[in-house]
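Descriptive structure summary
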Amino acid sequence: MKSHPLRMFLAGAALLASGFATAETPADFLTRYQTEARQSTPGFSASAERGEKFFTATHGGEWSCSTCHTKNPAARGKHASTGKAIEPMAPAANPERLASTRSVEKWFGRNCKDVLGRTCTPAEKADVVAWLMNSPR
Amino acid sequence: MTATFPARALRALTLVLTAGAAGLALADDDENKRLNINHPEYRSECGSCHIAFPPALLGAESWRAMMAGLDKHFGSDASLDAETSAVITKFLVANAARRDTAGSDGRPQLRISDTPWFRKEHRDGHDGITPGIFRSAAVKSAANCAACHRNAAEGDFSERDIRIPKNGARS
């Protein structure tokens, strides 16, 4: 099961060649946000523990991320003002999560504004993704 | 099965057309009340925080006003990219109520639950609606259509699918 560097390179090239229609994986988001975070903080490394703290704490407002998504990424949540069910956030429990840039960026954008009154930093996003990826089903 | 499905589909379609043509004056006696929400992008973008509300329940000006202020949408950020927003606005306006829904100040109403039609249809004492039911723990908000209309998420508001929550009746 050793992955040969050349084989990995070829697989990567094939992925690139297949264009942007390729589905993204949770690991892609971790890599992307971590790379972005390193531009201002060299040596930054995502932490699931920080991600959990960030996700479950309030940030000056009424809501935390957990208010709608619960403290358990594998559990179903409930929208704080409408009561509508929200499917689990952990990719292990819900394969539709962390699979599309359009969706992930849209919801980070909206929900960070609602909870923090500002956009989330790449470091915060990397930590949250690390925590969600860590969650068992 | 093969014979009933097309007939049912046709009936649903007819009702969709009737509801659209009648504007907000939905007839009280239709057995099936299916309202058109048949647009994949609308259903996924506007059905994520609450059910996708039927376009026929607000006038075109109300939908235009709502779509112009999605970044401050009832206390939530619901903003969309310009392209998606344009596609959805087109669907909403094309299927909007015939008559405009303006408040007493002349400005477009943004809540279906504030329109005179809604208030009349959901007045206290009408078909099991009790004072305070909309703010009860089980319903929380008049916008939570699915608390009573069990198939609201499918655009189906038929009378036979209404169940008013029990613990709501007390408050």
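Parameters at a glance
Residues numbered from 1 in each chain as written. Chains lettered and ligands numbered in written order. Predicted model: local features only at pLDDT ≥ 70, side-chain atom pairs only at ≥ 80, totals over all residues. Heavy atoms only, no water. Helix = DSSP H or I, 4+ residues; strand = E, 2+ residues; numbered from the N terminus. Buried < 20%, exposed > 50% of the residue type's maximum accessible area, 1.4 Å probe, protein only. Contact = heavy atoms within 4.5 Å. Areas by Shrake-Rupley, 256 points an atom, 1.4 Å probe, with all protein chains shown as cover. Core = buried A, V, L, I, M, F, W, Y, C linked by side-chain atoms within 4.5 Å. Disulfide = S-S within 2.5 Å. Lys, Arg positive; Asp, Glu negative; His and termini not counted. Salt bridge = Lys/Arg side-chain N within 4 Å of Asp/Glu carboxyl O. Polar contact = N/O pair within 3.5 Å; in protein donor to acceptor, adjacent residues only side chain to side chain. Buried area = accessible area lost by both parts, 1.4 Å probe. Nonpolar A, V, L, I, M, F, W, Y, C, P; charged D, E, K, R; others polar. pLDDT = per-residue confidence, 0-100.

What follows concerns the overall build of chain B. Each helix and strand counted, chain B has 5 helices and 0 strands in total. Listing every helix and strand of chain B by position from the N terminus yields α-α-α-α-α. Here chain B holds 171 residues, and 40% of them are scored as buried. Taking the intrachain contacts of chain B between residues at least 6 apart in sequence as the baseline, contacts between residues at least 24 apart amount to 58%. For chain B, the computed accessible surface area is about 9900 Å², with 55% contributed by carbon and sulfur atoms.

Moving on to the nonpolar core. General note: in soluble globular proteins, nonpolar side chains tend to be found buried as a group. Counting 26 residues, the largest nonpolar core has Tyr42, Trp63, Ile88 and Ile112 of chain B as the members making the most contacts within it. The element that contributes the greatest number of residues to this core is helix α3 (residues 60–67) of chain B, accounting for 4 residues. Here Tyr42 of chain B is in contact with Ile37, Gly47, Ala52, Phe53, Trp63, Ile88, Phe91 and Leu92 of chain B, once residues within four sequence places are set aside. If you look at the next biggest cluster of nonpolar residues, it comprises 23 residues, including Phe29, Phe55, Leu98 and Val128 of chain A.

The next point concerns the environment of Phe118 of chain B. All names here are of chain B. With respect to the helices and strands, the residue Phe118 is situated in helix α5 (residues 116–121). What makes Phe118 buried here is its relative accessible area of 8%. Linking Phe118 and Leu58, residues 60 residues apart in sequence, is a C-alpha distance of 10 Å.

Let us look at the state of the cysteines. All names here are of chain A. Taken as a whole and assessed by the stated rule, the structure comprises 1 disulfide over all chains. Paired by a disulfide, Cys112 and Cys120 hold their sulfur atoms 2.0 Å apart. The S-S bond linking Cys112 to Cys120 shows a torsion near -95 degrees; that makes this disulfide left-handed. Among the residues examined, Cys112 registers a relative accessible area of 5% and is labelled buried.

Next up on the list: the side chain of Arg110 of chain A. Following the sequence through the fold, Arg110 of chain A ends up in helix α5 (residues 101–116). Although Arg110 of chain A lies buried, it forms no salt bridge, and the closest oppositely charged side chain, Glu45 of chain B, sits 4.3 Å away as judged by the N-O distance. At a separation of 2.9 Å, a polar atom in the side chain of Arg110 of chain A contacts the main-chain carbonyl oxygen of Ser79 of chain B. In this view, Arg110 of chain A contacts Glu45, Asp77, Ala78, Ser79 and Leu80 of chain B; residues no more than four positions away in its chain are not counted.

This part takes up the interface of chain B and chain A. Contact with chain B, which involves 16 residues of that partner, is made by 13 residues of chain A. For the pair chain B and chain A, the two sides together bury roughly 1200 Å², of which 39% comes from carbon and sulfur. Where chain B packs against chain A, one counts 4 salt bridges. Ionic pairing is found between Lys113 of chain A and Asp77 of chain B, a salt bridge with its closest N-O pair at 3.3 Å. For the pair chain B and chain A, the number of links is 11 residue pairs in polar contact (both at pLDDT 80 or more). A class-by-class count of the residues in the side of chain B that touches chain A yields 4 nonpolar, 8 polar and 4 charged.

Moving on, we come to unusual backbone geometry. Residue and element names in this part refer to chain B. Positive phi is not limited to glycine here, since Phe74 has a value of about 50 degrees. For Phe74, the location among the structural elements is in the loop between α3 and α4 (82–94). Residue Phe74 is classed as partly exposed on the basis of its relative accessible area of 43%. Of note, Asp127 is a non-glycine position whose phi angle comes to about 50 degrees, a positive value.

Residue and element names in this part refer to chain B. Counting all residues, the mean pLDDT for chain B is 83, and 78% of those residues have values of 70 or more. Highest mean pLDDT in chain B belongs to α3 (98); lowest belongs to helix α1 (residues 4–21) (45). In this model, residues 1–6 is a region of pLDDT below 50 whose contacts with residues beyond four sequence positions or in other chains number 0 contacts. Note that residues 9–23 has pLDDT below 50 and, in this model, 14 contacts with residues that lie over four places away or in other chains.

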